[in-house]
Every structure is written in C-alpha cells, then in structure tokens.
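Inside the fold
Listed below are the residues making up each chain.
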Amino acid sequence: MAEIRYTKDHEYIRIDGAEGVVGISDHAQQQLGDVVFAETPPLGKTLKAGEPAAVVESVKAASDVFAPVSGEVVAVNADVEKTPGIINEDALGRGWLFRIRIADLSELAALMDEAAYAAYLETQA
Amino acid sequence: MRYLPLDAAERQAMLARIGVPDVEALFADIPADKRIGGLIDLPLAKSEMAVERTMSAMAARSVAAGSAPFFLGAGAYKRHIPASVDHLIQRSEFLTSYTPYQPEIAQGTLKVLFEFQTQVATLTGMEVANASMYDGSTACAEAMMMAHRLTKRGKAVLSGGLHPQYADVAETLARLAGETVVRLPPDVRASEDIAAAMDDETSCVVVQSPDFFGNPRDLAPIADAAHARGALLVAVFTDPVSLGALRSPGEMDADIVVGEGQGIGNALSFGGPYLGLFSTRLKFVRQMPGRLAGETVDADGRRSFVLTLSTREQHIRREKATSNICTNSALCALAFSIHLALLGGVGLRRLANLNHANAVQLADRLSAVPGVEIVNACFFNEFTLRTPRPAADVIEALARRGVIGGLPVSRLLPQAGLDDCIVVASTEVNSDDDRSAYAKALAECLR
Amino acid sequence: MNSQGRPTRPETAQAAARKTFTGNRALDMEEALIFETGRFDASGVDVDDPEPFASRLGPTASAGAPELPGLTEPEAVRHYVRLSRDNYSIDAGLYPLGSCTMKHNPRLNEKMARLPGFSDVHPLQPVSTAQGALAVIEALAAALMTMTGMSAIAMSPKAGAHGELCGMMTIKAAIEARGEVATRRVVLVPDSAHGTNPATAALIGFSVRPVPAGDEGDVSVEAVKSALAPDVAAIMLTNPNTCGLFERQIVGIAEAVREAGAYFYCDGANFNAIVGKTRPGDLGVDAMHINLHKTFSTPHGGGGPGAGPVALSSRLAPFAPVPFVTREGDRLRLVEHAAGTESFGRMSAFHGQMGMFVRALSFILSHGADGLRQASEDAVLSANYIRASLADVMSAPFGERACMHEALFDDRWLKDTGLSTLDFAKAMIDEGFHPMTVYFPLIVHGAMLIEPTESESKASLDRFIMTLRDLAFAAKAGDRERFTSAPIHAPRRRLDETRAARQPVLRWTRPRPA
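Residue positions within a chain follow its written sequence, with the count starting from 1. Each chain gets a letter, beginning with A, and each ligand a number, beginning with 1, in the order they are written. Note on the predicted model: pLDDT of at least 70 is required for a residue's local features to be given, and 80 or more for side-chain atom pairs to be given and counted; whole-chain, interface and lining totals, by contrast, use all residues. Based on all heavy atoms of the structure, the side-chain values leave hydrogens and waters out of the count.

1. Quick look at the state of the cysteines
Cysteine sulfur atoms that come within 2.5 Å of each other are treated as a disulfide pair. Following the criterion strictly, the structure yields zero disulfides over all chains and no others. The structure places no disulfide on Cys326 of chain B, whose sulfur is separated from the nearest cysteine sulfur, that of Cys100 of chain C, by 8.1 Å. For each residue, the accessible area found with a 1.4 Å probe, counting protein chains only, is set against the maximum for its type, and the residue is called buried under 20%, exposed over 50%, and partly exposed in between. Classification of Cys326 of chain B by relative accessible area gives buried; the value is 18%. The thiol of Cys266 of chain C is not disulfide-bonded; the next cysteine sulfur, from Cys243 of chain C, is found 15 Å away.

Okay, here's the thing in structure tokens:
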C-alpha cells in the first residue's frame, strides 16, 4: 500500500518510489463543493515545494493547489479537465491531478502522515 | 421631502427602539472635530419644478444633434432608435433591478443577457460573447490584457487606424501595468504594414475595421501574420451597424473581437453611458473578463439562466481575477438587444445599406466642392476628407452656419500633421436637405 | 479554500403544482428565446431602401444578412414585457443589499436625462455647441467636491471599480513622479475589502499585503503601522467599512500612512452613511471613488451602467486623468490631452457617463444640503432600527455596537438548525423580499449584510423585520423544509449552478436537424 502524506493546505502526495501522485484531500473536496474546473500544470514543469502548481475551482471558489514537494511534472490527469466531478467522487483515486518526480525525498519528512492529518483536521474544526 | 418617507414621529419611535436619544448618537463614532455641525455649502432642497427649470436651462445651452444637419461619428453614431426601445427599458423590472445574483427572481435579466450574448457572438462571427463591458475603448484595453495572459507575452501592436482615444486608453493601462505598447503612426489611407511591426514578443495586434478614418480593412491576412508569430488578432469596431454590411471579424479569423455597441439602441448622451461588446473563441473563455449568463436547469428541470464561470471575476478571484470589472452596462445591453431584435438580420442589412448609400451620396456631393478631396477608396458610413483650410476652422465655421460637419482629426491627433483632415459620418438619419445644407455651407466656408 | 461549503445544486423537487397546458401560471408566463419565436427573415423596423447605387464597400463586403431573428413591434413588446415580469426590482420591493445602496430611483432623473440637450449631444461636437453638457459636469463635480471636502474630481471613470483603478493609477503616477515606483510596490488591503480592491491593485502591478481588522471590527493604527514599510505605496480602506462600521481610527491611520510616504485610497461605496455628516477629505483621504449608482440613485439597470467619479486630494490632483472641464470666464473648455500636463493619461474614450451625471445632479439638486443630510441620517437610523429589532433572534459579530447604514449578522444563530445563510436567504424570496447580501464580507462566517437605505417607509421596514423574525423563529423551531426547498413561489426554483459551470452553454445555437 503506497504511503500517503498530506500538507497543511490539504494536498496529498501518494508516494510511488521516486515519484508521487498529487491531488487534493477528501476534506478539501468536501469543503470546495462541486468541482467545476481543474487545471493541471504543464508536463515537464519544474516545481518548488509550496509553489502554486494547479487550480481547482468550484462554482463559488477557486483554490490554488500547491506542490507538496519539489520536482518535475511527469504526468497529468487529462480526465479531471474533462470530468472535474471525479475529484469530488474519488479525490484520492481517480481524481488525482499530476505525478511528480521527487527532487529531494527528504522534503517528505515535513509532511503529515494519515494519522497526523486526521488530528490536524480535528484542530481545524 | 418627496423621496424620504419617514416622518418625525416615526423617527422618534425608531430611536426609542434603538435606545438612543437622538440620531446624532448613531454618528458618535465620527471623531468630534470631524463632524459637520450644520449643513454643507449647497443650496437647499428643490421642488421637481425648480429642478426642471434649472436643468432645462442647462440643456438649452447645447445644440442637440437632431436639431441640425449632423455628420459626426468618430466612435459614436446618431441613429434612429425605434420608439418602443426606450419605452421597454424604462419598465421598472428592467430599469430598477439589481445584478442578477439571485437567479430565481432575475430570469428576465438573465434571459435578455443570454439573448444579447448570442446576438453579439453571431454579429461578430465568434463563439462566445460576454454580458457587456463599459465601452469600446475599455473593452479594447481589456482584450489587450487578455491576449497578454493567453500568450504570456507583454507587447501589443496597435494599428494606426485605431481610434486615437482607444489607443490612448490602451497605452495608459499598459504603461501603468508595466506592459508595452507599440503604436503605429496614424494611417489615413490604410497603407501600413502591420505584419512588419510584429515580432516574437508580440502578444496581439489590435486592428480597427472600419478604421478611424473610415477604411474597411481585410483582417484575414493580418490574422495569418499574427498567428504565424504565435500572436493573437484583436479586431475592433466602433459602429456595430457596420457588421450588417461587412464580413464579420470572426469570419476573417480574429481571436478576440471588441467594439462599441452604442450605435444600436443607445443615445449619443455626450459620450456615456455606452456599451462595450466583447467576444472570443470558446477555448479562451476562461480568460475573458466580464459577466457571463449561461443556461442550466432548476430543481424542477425547467430551462433557466444563471451568471456562470464566476471564478474569473473579482468577487471570487480577488487579486487573481481576469479583470476588476463589477458593474457593467446591462441596461445599455438591453437597449441594444431590443433594437437588434426589432431589426433582425435582414433589417440590420437594410439599415447598413442605407447608411452606406447616404455616405456615398454625401461623398459625391462634397467632393464636388472645389478644393475638397475624399481620401478613402472604400468606406462604410464614414470617410475622411481633406480641405484647403485648417479642418478645425472649417468645422467651427460650419457650426456657425448650423451644420455639424464632422471631426477635425487634429482634435484627437494634434501633432500628426493631419490638420487638414475631417472625419465625416453619414447615417440613416441624414436627408437630401442635410446633404445640400452641408455642401452649400462647405463651399461658403472654403471660398 | 471555500470553507463555507455552499451547495450549488438544488435538492430534488417536491410535488409540483398542477400543470397547465402552456406551462404558464396565470400572469406568470413562460417565454421562449427570440431565436425560437422570431423569424430569421422578418424585421420590425421599416427601413427605406435607397435608389440603386454603386457600392464603395470594397472587398470585405458581406454576401448576406447576419443570422439574427427579427420581431415586429407587437411581438417584441410582448416578449420583453413577459421577460421583465420575471424580475424583482426596487420599484416592486425592498432590496436589503448591504454595500449596494438600493435606494429609490427618482423618475425626475429619467426625465432630465432624456432632455435632448443632454441625451442628443455628441461627445465630439465643437465645444461651443456643448456648453450645457459641460455645465452639468462642472456642477456635479463642484457638488461632489463640497460633499467630500477634496480638491478635485476625476469625472471620467465608468463605474466604481473603474474609479478604483483611476484612484490607484493616480497614486502610482504620483509615486512615479517622486521616483519611487520601483520600491513602493505593495498595497495594504484589509481581508474584509470588496474583491475589486485587490483585483484593482493587482491589475497595475502592485502586490497585496493584508491588514487584519480588530475584534471590534475596526482596523487599528497599530495594525496599519505594523504593515507599513518603505515598500508600501498605498492603503485601500473602505469607510464606513464592509461590516457597516465607521473606522474609528481613520484619522490616525491616515496620518501614519502619510508619514510613511504612502497614499490613502478610500473605497467610497458606503458614502451614503456619511454625506453631510463628515467629509472624507477632512479624515485624511487622498482619493475616494463615489458610486453614483449607489449614493446618488442612478438606476442599477440589471447590472449597470454605473459611474465612479474619484475625489482627489491636492497632492494627487495634478495627476488626474484627462479629460477634465475648465472654465475661462463664461466659457467652459475640455482639456483632452495629457501631453504638457502631469496627468497619467486617459481611462476611456470621450468624457464619462454623462447620462448618470445628469441623473445624479438632478438627485442632488432635489435633495439639497438639508435633504442630503436627512437622507444619510435616515439611512443610518433605518439600519440601526433593523439591527435593534433583530438583535434578540440573530447573532451579530460585533455585538451591540451601533452600525452605520448597514447591519451585519453572522450564522452562529443558525448553528443548531442545520440551515445555512443561503437557505435563509432563499426563504426570503418566497416572502417577497430580495435576499440581503450574503457571504460578504468574507471575514464573517455566513455573513448577512442588510442595508435598507433612506427610501423605505417605516411600514416597509416593519414588514421586513417581522418577516425576518418569523423566518428566524421557524428556523430555530426546526421547520427545515421551508428553507431547504425555497424558493417555491419564484419563477424558478434553485438552479443547478454546477451544471452551468461544468457544461457551459453561453449562447443559443440552432439545434442540429434530427
């Protein structure tokens, strides 16, 4: 089972060797409401941790999705541009946004694991 | 006072419920030394009759376009507007309603905007149009900024045929936003080589047709040249009736089309309120500024309309918005839409034909005046003429003879060496008598 | 992140009322689009055909007519009258919209605007033939200067947001003139600000630094001083602010901003609270836009047109945009070119929203100094009357602090009802009221901002108050359906906004033949 890490801005990265699949958390999708538009980063773009990488929009709000770690974008999910609703239906699965080749694996240590994120959500409530 | 319903007893009752002795207590947060003690230095309230008297006297000090032979265009056009238009836009529900943010009780406005967007897109030959901007000049500047966002470049090339004030507005915005504008010199005979002015940093070329001097332009080769450089063509028009006679900018491969809508449905009104028309390709819609009405259904499955794609706008995106525009020109858009619905496509074509016919007749009459030259090979309802005397003097002399003869180009382009040029417009309102009066007065002025 | 999770899809409909053949419900009529009912070969305008002539259009002449339907006058009148009846309007009922100042639109203003000497004058006529039009601009500018206590008015901006742009451009030009445009790149904006404020700042290359409001709703001088630095060009504050409160520390803030070498932009959207009571110029403001379609009653027209003239302090006045009106003896002149002046340039073609100037001047002449002051007092009185009348049933973020012209509530009082601010707003529609401003300002959760204006009679205010009390009691008593199914009486029920955004249909298209 691939390890998953979360940021304070509600992005997740599902680690797969030297790469990671990035999306927004289930909590984030609930808060946003029906997603109507998603814009993924261009293929090949080099991202720095914390830099705006993608955009997810609902009817009433637009949210930047920040890169959880630094690296190069090696794949993007074309499906979210066609059917943005899959982000609501399956944020952690089919609703992934982009895949990143992680430049510095040590950056992952700064992120929360599943339990820590759940605890973080409690404090936010 | 006729607009203030509360009376003294009611005010007292309200103060009692609030629990303060007087209304001044509600202004206690204003620092004491900044409160105005008495009344500000303006006259006291006036009756309707008194206001009418004052304002009618002011109105009488201007010459109304309809009271004289009138041949002035240059970005705003005297049109005959059918009587029902002004009647309909004064219905309370159109005139005094707010922006349709609660769509369940604003289907009237939303449906009109949807129809308006369809009319504008159709007329301009584009896929999608917004629900209006302030006017043609600000729509043009916004189109330029949109092109910058789409191409990720910061340099716009402005044709020398673009309305000088539109170019001024674009230059002002570009300079303050840190972008670049290349403004080609005034191009009276439509002979500029705009392709040569483009380079790989050009985000867009902005070309008006018919241009400020009246020349219709073939946009297709310009679109090709722009696209070859990865740039966009922003097409501009100032009289929407021209689209009844000329090929649409969309047909000629423009990417963004903007223009002034005043010429359909809206009075001259000394320059405002006017109506910015804005249309583009569907693939660019998320970068388009302004409100958009879209179709959907309600909880009962009935077709309904709603403002949509709002995440482009300031109230959601704030500093990342496509524009800061909030209030637009909805009532002017309604007037445009009603007038155009009455005309229909066939009526618009006949109206355009009549405009052109009048302009051709006028051009023939004026070019027969000794010393006068018509510059344009082709034109729609506006052309440039050259006179042996300074144009500004000629126009003043014509005005003294009761003829509004056009725009002396030097008024908008004082340093361009075009002091002998007048831009003359002729719409459907001009009669044979008007043309005779103009020719006669012009001949006298030039004697 | 949208942490207020408003639903954008309606819940399933309840059983509909008995259907009719037409779909009409007596006077509430369904009306199709002109593209569906109009004929594409018809016209409702009689245009004379000229004698045959040789065309001079050239090679870009079009071959046929645009594909647009035409309606005869009876068909057009019926179409637009039916559409109009699906709209709420201030003529029909109260709009409690905070920040919008939906006051009555006097019909005298409409009559004046239609005088041919105002409506039928071309902006580029010889100035000698447009003296009456220029006189209106001069008179309105003078009245606005008197009300604001400021040195100059830029009349050309076409709406409030355009006025904000004008004010910020003027400030940027002033900074440029001091040689500091490269260093002063930041604008301070409170989180409570209207979205146009940061959007405007960003448009001309400033970055936005937030300033927090305090627990009592004001921005404090300390908070501003903490945010001030040599990189700050300006602060943008709204006063009264978007919570409906007078910024009590505004004078100190203005001084601190000036000492730091920056400028004070004031968003004048809420000017209706203070006309004749205080002058923004006296408070230290450098630039303030005025919404003529708010404070000065020009009609909203379904979304516009508006007008946004900008009052300027003496240190900003030299940089004002062209054009402006000047007087030489008894002749009025127009300065139309920036060259040779310090003006930053031009904001739009021609001279501004003349039609709105006439209406606003008519309003100002009608009210006079005494009427204008009375209007502000009545606006503030009415808002506080509503606040006091609802304080026991609805929660207010700033407690019992008196408001100015608008009263702000939040959604804490709805906490145990399972209902949202949106649900409450939609239920108001069934009661015959347009909802108040909701979810603005963003700093208050589930905000409800109520601005009655001075145009409402006490009977109207009382009816509004009693309705809101009834709704509030119903919400707390658990009558959820009244809210979640609302509106049920409006021409449409809640709309599927998700679908509108996911599958945008932004124009009518001819259906393909089957």
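From this point on, the discussion continues.
2. Describing the pattern of salt bridges
One side-chain nitrogen of Lys or Arg within 4 Å of one carboxyl oxygen of Asp or Glu is enough to make a salt bridge. Inspection of every chain in the model, using the stated rule, returns 70 salt bridges over all chains. Two residues, Glu31 of chain C and Arg82 of chain C, come together in a salt bridge whose shortest N-O distance is 3.2 Å. With Glu31 of chain C in the segment before helix H1 (34-37) and Arg82 of chain C in helix H2 (residues 73-84), this residue pair connects regions lying 51 residues apart in the sequence. Residue Glu31 of chain C is classed as buried on the basis of its relative accessible area of 13%. Arg82 of chain C sits in the partly exposed class, given a relative accessible area of 24%. Here Glu377 of chain C makes a salt bridge to Lys277 of chain C, at a shortest N to O gap of 2.7 Å. Here Lys277 of chain C lies in the loop between strand E5 (263-267) and helix H10 (280-283) and Glu377 of chain C lies in helix H11 (residues 354-390), a separation of 100 residues in the sequence. A cluster of three or more residues bridged by salt bridges with shared partners is formed by Asp29 of chain B together with Glu216, Asp218, Arg248 and Arg401 of chain C. Numbering of helices and strands runs from the N terminus; a helix is a DSSP stretch of H or I covering at least four residues, while a strand is a stretch of E covering at least two.

3. A short note on the sheet that holds strand E10 (residues 407-409) of chain C
Residues and elements named next belong to chain C. A pair of strands is treated as paired once DSSP finds two or more bridges between them. On the basis of which strands lie adjacent, the open sheet formed by three strands has the order E10-E12-E11 and antiparallel pairing. Looking along the sheet, the strands with just one partner apiece sit at the ends: E10 and strand E11 (437-438). Here E10 runs beside strand E12 (residues 448-450); their pairing, made up of three bridges, is antiparallel. For Ala407, the partnering residue across the bridge sits in E12 and is Ile450.

4. Some thoughts on the pairing of E5 of chain C
All names here are of chain C. Most of E5 sits out of view: five of its five residues are buried. Burial along E5 is two-sided: Tyr263, Tyr265 and Asp267 and Phe264 and Cys266, pointing in opposite directions, are all buried. Looking at chain direction, strand E4 (residues 232-238) and E5 are connected through five bridges and run parallel. By the bridge assignment for E5, Ile235 is matched with Phe264. Seen with its strands pointing away from the viewer, a crossover is right-handed when the path leading from the first strand over the helix to the second is clockwise. Handedness of the crossover joining E4 and E5 through helix H9 (residues 250-259) is recorded here as right-handed. Here three bridges tie E5 to strand E6 (residues 287-289), and the two strands are oriented parallel to one another. Opposite Tyr265, over in E6, you have Ala287 as the bridge partner.

5. Here we look at the packing of helix H1 (residues 8-18) of chain B against helix H13 (residues 458-476) of chain C
The axes of two packed helices give the description: the angle between them and the distance between them. Remark: H1 of chain B packs on H13 of chain C, axes separated minimally by 11 Å, with the N-to-C direction vectors making an angle of 35°. Of H13 of chain C, the residues touching H1 of chain B (which contributes Glu10, Ala13, Met14 and Arg17 of chain B) are Lys458, Leu461 and Ile465 of chain C. An axis is simply a line fitted to the C-alpha atoms; with a helix, the fit covers only the stretch in contact. Between two such axes, the angle follows the N-to-C directions and lies from 0 to 180 degrees. The criterion used for residue contact is that any of the two residues' heavy atoms lie within 4.5 Å.

6. Observations regarding the sheet that holds strand E10 (residues 373-374) of chain B
Residue and element names in this part refer to chain B. Read from one edge of the open sheet, four strands run E10-E11-E13-E12, paired in antiparallel fashion. Looking at strand neighbours, the two that pair on one side only are E10 and strand E12 (407-408), the edges of this open sheet. Sheet strands touched by helix H11 (residues 391-400): E12 and strand E13 (421-425). Its angle to E13, the strand with the most contacts, is close to 45°.

7. Notes on the packing of aromatic side chains
Under the pairing criterion, centres of Phe, Tyr and Trp rings, with the six-membered ring standing for Trp, must be within 6.5 Å; the plane angle then separates stacked pairs below 30 degrees from edge-to-face pairs above 60, leaving the rest tilted. Enumeration over the complete set of coordinates arrives at 17 aromatic pairs over all chains. With centroids separated by 4.0 Å and ring planes inclined at 0°, the aromatic side chains of Tyr6 of chain A and Tyr117 of chain A adopt a geometry described as stacked. Residue Tyr6 of chain A is found in strand E1 (residues 4-6), and its partner Tyr117 of chain A is found in helix H4 (residues 114-124); the two are separated by 111 residues along the sequence. Like Tyr6 of chain A, the residue Tyr117 of chain A is buried in the burial classification. Grouped by ring-pair contacts, the aromatic residues Tyr98 and Tyr101 of chain B together with Tyr88 and Tyr95 of chain C constitute a single cluster. Placement of a charge over a ring requires the Lys NZ or Arg CZ to be within 6 Å of the ring centre, with the centre-to-atom vector within 35 degrees of the ring normal. The ring centre of Tyr120 of chain A lies 5.7 Å from the NZ or CZ of Lys8 of chain A, which sits over that ring. Positioned over the ring face of Phe27 of chain B is Lys277 of chain C, at 4.6 Å from the centre of the ring.

8. Observations concerning the interface of chain A and chain B
Between chain A and chain B, the contact holds 10 residues from the first and five residues from the second. When chain A packs against chain B, the two sides together hide about 580 Å² of surface, and 46% of this comes from carbon and sulfur. Inspection of the region where chain A meets chain B yields one salt bridge. Across the pair Arg286 of chain B and Glu57 of chain A runs a salt bridge, and its minimum N-O distance is 3.3 Å. Polar contact is the term for a pair of N or O atoms within 3.5 Å; when the atoms are in protein, one must be able to donate a hydrogen and the other to accept it, and sequence-neighboring residues count only if both atoms are side-chain atoms. The tally of links between chain A and chain B comes to one residue pair in polar contact (both at pLDDT 80 or more). Secondary-structure elements contributing two or more residues to the side of chain A that touches chain B are strand E4 (35-39), strand E6 (52-58) and strand E7 (62-66) of chain A. Per-element accounting of the side of chain A that touches chain B gives the leading share, three residues, to E6 of chain A. By definition, the buried area sums, over both parts, the 1.4 Å-probe accessible area that each loses when the two are put together.

9. Topic: the packing of helix H5 (residues 107-124) of chain B against helix H10 (residues 330-367) of chain B
All names here are of chain B. Viewed as axis vectors pointing N to C, H5 and H10 meet at an angle of 45°, and their least axial separation amounts to 10 Å. Considering the angle they form, H5 stands oblique to H10. You can see that H5 and H10 cross each other, and the crossing is left-handed. Two secondary-structure elements touch here, H5 through Val112, Glu115, Phe116, Gln119, Val120 and Leu123 and H10 through Ala333, Leu334, Phe336, Ser337, Leu340, Ala341 and Leu348. Oblique is the label for any angle not covered by the other classes, which are roughly parallel (under 35 degrees), roughly antiparallel (over 145) and roughly perpendicular (65 to 115). Helix crossings fall into two classes, left-handed where the near helix is turned counterclockwise from the far one by less than a right angle and right-handed where it is turned clockwise.

10. Section: the layout of surface pockets
Any residue with an atom within 4 Å of a point lines the site, the site being either a cavity, points on a 1 Å grid over the protein atoms alone where a 1.4 Å probe fits but cannot get out, or a pocket, an open set with protein on both sides within 12 Å along at least 5 of 7 lines. Grid points are joined across faces, edges and corners, and a volume is the space filled by probe spheres set on the points. Approximately 1,500 Å³ is the volume attributed to the second largest pocket. Along the walls of the second largest pocket sit 47 residues, with Glu39 of chain A together with Arg149, Lys152, Arg286 and Gln287 of chain B positioned nearest its centre. The set of elements that each furnish at least two residues to the lining of the second largest pocket consists of E4 and E6 of chain A, helix H6 (136-151) of chain B together with helix H7 (196-203) of chain C. Among the elements that line the lining of the second largest pocket, the one with the most residues is E6 of chain A, at five residues. Grouping the amino acids of the lining of the second largest pocket by side-chain chemistry returns 22 nonpolar, nine polar and 16 charged. Think of it as three bins: nonpolar holds Ala, Val, Leu, Ile, Met, Phe, Trp, Tyr, Cys and Pro, charged holds Asp, Glu, Lys and Arg, and polar takes everything else, Gly as well.

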